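# Understanding the architecture of this molecule
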Amino acid sequence: MNKKGFIFDLDGVIVDTAKYHFLAWKKLAQGLGIDFTEEENEQLKGVSRVRSLEKILSWGNKTISDDQFNRLMAEKNEDYLRYIDKMDESELLPMVKETLQFLKDSQQGISLGSASKNARHILDKVNVNSFFSAIVDGNDVSRAKPDPEVFLIAAKLLDIEPNQCIVFEDSVAGVQAANTAGMTSIGIGSEDVLHEAHYIFKDFTQISQSFITDLINN
Ligand code: B16
Ligand code: MG
C-alpha cells in the first residue's frame, strides 16, 4: 500500500477551540474597553497568539507597553487553559477519531500542523495523541501560516515528500500554506471561505473512506 502523509490542523479541524479563544479574548478586550465580536474572532482563526493580540489592539486603536502586552498574553492563555482543562473526548469533532483510526489502520503517516502552543495538551485532553507520529505546533515554527514552514516540518518528520502529503485545514491562511508547500489541501468548512483548497468538505462526516483510499492510492 502507498504511504502518504496526512497533516491535521487542530482548531477547527480536530476540535472547536475557537469558542474558548473567543471567550478569553473577549474578557481581555472588555478589560481594555474594546468591543470584540464573533466576526472579529473569525479573523483570528489560524492566527498566532501574538498576532491575535496585535489585531485586537489595532481594532480598538490601543497602544500598550511591551510589559503590558506580555502580561495580557499570559492572562489570556491562563483563561483559555481553564476552558481547555474541562475538555474531554466528547469535544472531538464528528468522525475525526474514526478518520484517524482508518488512516492508522491503513499505515499512513499522521501529523499535526497547528499554530497553537497548547496543541500537545489539547490532544492529550481529547485523547488522540497516540494517533500522531509527528506533532508540529506553534512552539516549533518561526513563520506563521500562510508560510508553509509548519507543514514542511511535518513532512520532514514523517519522512514523506511534500507532494505526497494531504493537509486538512479550516483557515484560509492554512490552505494557502498547504498549497505553497506543494501539498494537497482539503478545506474543512465553507466553500465561500475556502475556495482555494483542492477539495472542500463541511466536516469529516462528508468525507468517505473511498475518498481517502483514492487519496492514498493516487
Ligand atoms: P495558542 P490552529 C490556532 O490553532 C487558532 O486557530 C488561533 O485562533 C490561535 O490564536 C492559535 O492557534 C494560537 O493558539 O494561543 O493556543 O498558542 O487552527 O492553527 O490549530
Ligand atoms: Mg484551524
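The preceding data block contains the structure.
Attention here is on the structure that accompanies the text. Residues take numbers from 1 onward in each chain, read along the sequence in its written order. Chains and ligands are labelled sequentially in the order written, the chains with letters from A and the ligands with numbers from 1. Only residues with pLDDT of at least 70 are given local features in this predicted model, and only at 80 or more are side-chain atom pairs given and counted; all residues enter the totals for whole chains, interfaces and linings. To get the side-chain values, take all heavy atoms of the structure and skip hydrogens and water.

## What about helix α1 (residues 18-31)?
- A run of DSSP states H or I qualifies as a helix once it reaches four residues; a run of E qualifies as a strand once it reaches two. Both are numbered from the N-terminal end. Every helix has an expected span of 1.5 Å times one less than the residues it contains. With 14 residues, α1 ought to run about 20 Å at 1.5 Å a step, and its terminal C-alpha atoms sit 20 Å apart, in line with that.
- Only protein chains enter the accessibility calculation, which uses a 1.4 Å probe; a residue is then buried when its area is under 20% of its type maximum, exposed when over 50%, and partly exposed in between. What α1 keeps buried is the set Ala18, Tyr20, His21, Phe22, Ala24, Trp25, Leu28 and Ala29.
- Here, residues are in contact when the closest pair of their heavy atoms is within 4.5 Å. Those residues of α1 that are buried lie in contact with α2 (38-42), α3 (49-59) and α4 (66-84).
- Directly after α1, the chain includes Gly33, whose backbone phi takes a positive value near 75°.

## Remarks on the site of ligand 1
- We call a residue near a given molecule or strand whenever any one of its heavy atoms falls within 4 Å of it. In the region of ligand 1, 18 residues are neighbours, and Asp11, Val47, Ser116, Lys117 and Asn118 sit closest.
- Contact distances for ligand 1 include 3.2 Å between an oxygen atom and a backbone N or O atom of Leu10.
- We call two N or O atoms a polar contact when they sit within 3.5 Å, provided that within protein one can donate a hydrogen and the other can accept it, with sequence-adjacent residues counted only if both atoms are side-chain atoms. The side chain of Asn118 places a nitrogen or oxygen atom 2.7 Å from an oxygen atom of ligand 1.
- For ligand 1, the protein covers 98% of the area, taking 470 Å² as the surface of the free molecule.
- Here the shell around ligand 1 is built from residues that sort into five nonpolar, seven polar and six charged.
- Where each domain begins and ends follows an automated or database-derived domain assignment. Built from parts of two domains, the shell around ligand 1 gets at least three residues from each of domain 1 (5-15 + 91-217) and domain 2 (18-84). Where accessible areas are quoted, they stem from the Shrake-Rupley method and a 1.4 Å probe; at the residue level, only the protein chains shown are allowed to cover. Three classes are used: nonpolar for Ala, Val, Leu, Ile, Met, Phe, Trp, Tyr, Cys and Pro, charged for Asp, Glu, Lys and Arg, and polar for all others, with Gly counted as polar.

## Re the coordination of the magnesium ion (ligand 2)
- Water is absent from the atoms considered, so a metal site may look incomplete; donors are defined as N, O and S atoms within 2.8 Å of the metal, or 3.2 Å for Na, K and Ca. Around the magnesium ion (ligand 2), the protein contributes the donor atoms Asp9 (OD), Asp11 (O) and Asp170 (OD), at 2.0 to 2.2 Å from the metal centre.
- When the donor residues of the magnesium ion (ligand 2) are listed from N- to C-terminus, their spacing reads D-x1-D-x158-D. Remark: Asp170 occurs in the loop between β4 (165-169) and α8 (172-180) and Asp9 occurs in the loop between β1 (5-8) and α1; sequence separation between them is 161 residues. Each of the two residues, Asp9 as well as Asp170, counts as buried.

## A look at the packing of aromatic side chains
- Paired rings are identified among Phe, Tyr and Trp, the last through its six-membered ring, by centres lying within 6.5 Å, and are further divided according to the angle between planes into stacked (under 30 degrees), edge-to-face (over 60) and tilted (the rest). If you walk through the whole model with that rule in mind, you get ten aromatic pairs.
- With a centroid separation of 6.3 Å and 20° between ring planes, the pair formed by Phe6 and Phe168 is classed as stacked. In this pair, Phe6 sits in strand β1 while Phe168 sits in strand β4, placing the two residues 162 residues apart along the sequence. With respect to class, Phe6 is no different from Phe168; both count as buried.
- Taking the centre distance of 5.5 Å and the plane angle of 35° together, the rings of Phe22 and Phe36 count as tilted. One end of the pair, Phe22, is in helix α1; the other, Phe36, is in the loop between α1 and α2, with 14 residues separating them in the sequence.
- You can call Phe36 buried: its relative accessible area is 2%.
- Site record: aromatic cluster; members linked through ring pairs are Phe6, Phe8, Phe132, Phe168 and Phe204.
- In this arrangement the basic side chain of Lys76 is found over the ring face of Tyr80, its NZ or CZ atom lying 4.6 Å from the centre. The rule for a charge over a ring is simple: NZ of Lys or CZ of Arg within 6 Å of the ring centre, and within 35 degrees of the ring normal.

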